[in-house]
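The residues making up each chain are set out below.
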Amino acid sequence: MNETAAIVFDGSASSGVMAFPNPFHNSIMIVVETLDMTDALVELFDPLGQLLLNKKLHIDADSNALRFEGLENLAPGIYTLRFTTGLHSEMTRIIKR
């Protein structure tokens, strides 16, 4: 069963981030919806807090997507996804099967 982990930012601009599928196998898709244009950083951490991947994303006023691929060699477990724009930073847990 695929579940979606959602992150909702508070602040002046309406924005949100979704990571799916969760649990994931080989890749995970990050979808960002916002009313503002900005740059963002998406980072993936292992269960011990080690940075595994990071990607910069320019967010347009609408919807943007970023796919992390090549995750099939990660050990099963709980990973942390951090999404940062300006002064806002949100984290969510994602599960690797």
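The structure we're discussing is the one just above.
Comments concerning unusual backbone geometry
In step 1: Note that the residue after F20, namely P21, is joined by a cis bond; omega there is -5 degrees.
In step 2: As for its placement among the helices and strands, P21 is situated in strand 2 (residues 15-22).
In step 3: Residue P23 follows N22 across a cis peptide bond; omega there is 15 degrees.
In step 4: Inspection of the secondary structure puts P23 in the loop between strand 2 and strand 3 (28-34).

Quick word on the side chain of S27
In step 1: Of note, S27 is situated in the loop between strand 2 and strand 3.
In step 2: Looking at S27, the relative accessible area reads 17%, which means it is buried.
In step 3: Among the polar contacts made by the side chain of S27, one reaches the side chain of R67 at a distance of 2.9 Å.
In step 4: The residues touching S27, leaving out its near neighbours within four places in the chain, are P21, R67, F68, E69 and L71.

Section: the nonpolar core
In step 1: With 19 residues, the main nonpolar core has I30, L81 and I94 as its most contacted residues.
In step 2: Each residue touching I94, except ones within four places of it in the same chain, is listed here: A19, N22, F24, I28, L44, G77, I78, Y79 and L81.

Re the pattern of salt bridges
In step 1: In total, this model carries two salt bridges according to the counting rule given.
In step 2: Of the charged contacts, one joins R82 and E43 as a salt bridge, the two residues approaching to 2.7 Å between their closest N and O atoms. Highlighted residues: R82 in strand 7 (residues 77-85) and E43 in strand 4 (residues 38-45), separated in sequence by 39 residues.
In step 3: Overall, E43 belongs to the buried group, its relative accessible area being 8%.

Some words on the packing of aromatic side chains
In step 1: For the coordinates displayed, the defined rule picks out one aromatic pair.
In step 2: A ring pair is formed by F24 and Y79, whose centres lie 6.4 Å apart and whose planes are at 65 degrees; its orientation type is edge-to-face. Of this pair, F24 sits in the loop between strand 2 and strand 3 while Y79 sits in strand 7; the two residues are 55 residues apart in sequence, bridging distant segments of the chain.

Rules used in this analysis
- Residues numbered from 1 in each chain as written.
- Predicted model: local features only at pLDDT ≥ 70, side-chain atom pairs only at ≥ 80, totals over all residues.
- Heavy atoms only, no water.
- Helix = DSSP H or I, 4+ residues; strand = E, 2+ residues; numbered from the N terminus.
- Buried < 20%, exposed > 50% of the residue type's maximum accessible area, 1.4 Å probe, protein only.
- Polar contact = N/O pair within 3.5 Å; in protein donor to acceptor, adjacent residues only side chain to side chain.
- Contact = heavy atoms within 4.5 Å.
- Core = buried A, V, L, I, M, F, W, Y, C linked by side-chain atoms within 4.5 Å.
- Salt bridge = Lys/Arg side-chain N within 4 Å of Asp/Glu carboxyl O.
- Phe/Tyr/Trp six-rings, centres within 6.5 Å; stacked < 30°, edge-to-face > 60°.

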